Amino acid sequence: MENNLILQPVVVLVLWTMVMWLWMYVTRIPAMNKAQVDPDKLSRESTAGGLDAVLPPEVQWKAHNYNHLLTEPTLFYAICIVLALVGQGDGLNLIIAWAYVGLRVVHSLVQATVNKIMVRFLVFATSSLCIIALAIHAAIAVFH
């Protein structure tokens, strides 16, 4: 059961993704109302830039981050499940998984508040190294 501990950071990242989903809508819906955006008209006419063209960047940053949380983290989920299944979900792999989640939370907070691209990039690149390390460890376990 100890090897399943790696599923804890998986669940935490899913919960964090839902926090960002909520933050996105809490800021986006009032901004859409203020800008008098008709969602039905926007989707039918599919204007260039969509909501990016009509809402303030600070509002859209949350939506962009939510989308980012639905891309690369899917690799994290998959590799953590593999590590749990092969009995390698503890020790160093667990530490790396928690580091990944922490870095993704930092990435979200940076993007959703100040959106400093170089800071975001450094955090993203570091989190990607975590996935690479986990993938290598999984490959060793699976192919050994």
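Please refer to the structure higher up on the page.
Residues numbered from 1 in each chain as written. Predicted model: local features only at pLDDT ≥ 70, side-chain atom pairs only at ≥ 80, totals over all residues. Heavy atoms only, no water.

Caption draft 1: How the structure looks around the packing of helix 1 (residues 7-34) against helix 3 (residues 57-68). Packing of helix 1 against helix 3 leaves a shortest axis separation of 8 Å and a crossing angle of 150°. Classified by the angle between their axes, helix 1 and helix 3 sit roughly antiparallel to one another. Helix 1 and helix 3 meet at a crossing whose hand is left-handed. Taken together, the residues of helix 3 that come into contact with helix 1 (itself represented by T17, M18, M20, W21, W23, M24, T27, R28 and A31) are V59, Q60, K62, A63, N65 and Y66. The class makeup of the residues in the contact of helix 1 with helix 3 is nine nonpolar, four polar and two charged. (Axes fitted to C-alpha atoms, helices over the stretch in contact; angles between N-to-C directions. Helix = DSSP H or I, 4+ residues; strand = E, 2+ residues; numbered from the N terminus. Parallel < 35°, antiparallel > 145°, perpendicular 65-115°, else oblique. Left-handed = near helix turned anticlockwise from the far one by under 90°. Contact = heavy atoms within 4.5 Å. Nonpolar A, V, L, I, M, F, W, Y, C, P; charged D, E, K, R; others polar.)

Caption draft 2: View of unusual backbone geometry. Positive phi outside glycine occurs at Q36, with the angle close to 55°. The topology assignment puts Q36 in the loop between helix 1 and helix 2 (39-45). Of the residues examined, Q36 reaches a relative accessible area of 72% and is grouped as exposed. Of note, the phi angle at N115 is positive, near 50°, even though the residue is not glycine. Relative to the assigned elements, N115 resides in the loop between helix 5 (91-113) and helix 6 (117-143). (Buried < 20%, exposed > 50% of the residue type's maximum accessible area, 1.4 Å probe, protein only.)

Caption draft 3: Focus on the packing of aromatic side chains. Tallied over the full model, the rule gives three aromatic pairs. With 5.4 Å between their ring centres and 70° between their planes, W21 and Y25 make a pair best called edge-to-face. Linking W21 with Y25, this pair stays in helix 1, spanning four residues, or about one helical turn. Looking at W21, the relative accessible area reads 36%, which means it is partly exposed. The interplanar angle of 25° and the centroid separation of 4.5 Å between the aromatic rings of F76 and Y100 together place this pair among those described as stacked. Of this pair, F76 sits in helix 4 (residues 73-85) while Y100 is found in helix 5, placing the two residues 24 residues apart along the sequence. Here F76 and Y100 have matching classes, each one buried. Members of the aromatic cluster, each reached through a chain of ring pairs, are F76, Y77 and Y100. (Phe/Tyr/Trp six-rings, centres within 6.5 Å; stacked < 30°, edge-to-face > 60°.)

Caption draft 4: How the structure looks around the nonpolar core. Core analysis: the largest hydrophobic core is formed by 22 residues, its most contacted members being I6, L13, F76, C80, A97, Y100 and L134. Contributions of two or more residues to this core are made by helix 1, helix 4, helix 5 and helix 6. Leave out the neighbours within four places in its chain, and L13 touches L69, P73, F76, Y77, Y100, V101 and R104. Ranked by size, the runner-up nonpolar core spans seven residues in total, among them V37, L42, L51 and V59. (Core = buried A, V, L, I, M, F, W, Y, C linked by side-chain atoms within 4.5 Å.)

Caption draft 5: Looking closely at helix 1. Taking 1.5 Å per residue, 28 residues should reach 40 Å; helix 1 reaches 41 Å between its end C-alpha atoms and fits that length. Within helix 1 the residues assigned to the buried category are P9, V10, L13, W16, T17, M20, M24, R28, A31 and M32. Immediately downstream of helix 1, the backbone of Q36 shows phi near 55°, a positive value. (Expected span 1.5 Å × (residues − 1).)

Caption draft 6: Structural view of a nonpolar patch on the surface. Where nonpolar side chains cluster on the molecular surface, the patch consists of V14, M18, W21, L22, Y25, V26 and I29 and spans about 620 Å² of accessible area. Here V14 lies in helix 1. (Patch = residues over 30% accessible without salt bridge, like charges linked within 9 Å, V, L, I, M, F, W, Y side chains within 5 Å. Areas by Shrake-Rupley, 256 points an atom, 1.4 Å probe, with all protein chains shown as cover. Salt bridge = Lys/Arg side-chain N within 4 Å of Asp/Glu carboxyl O.)

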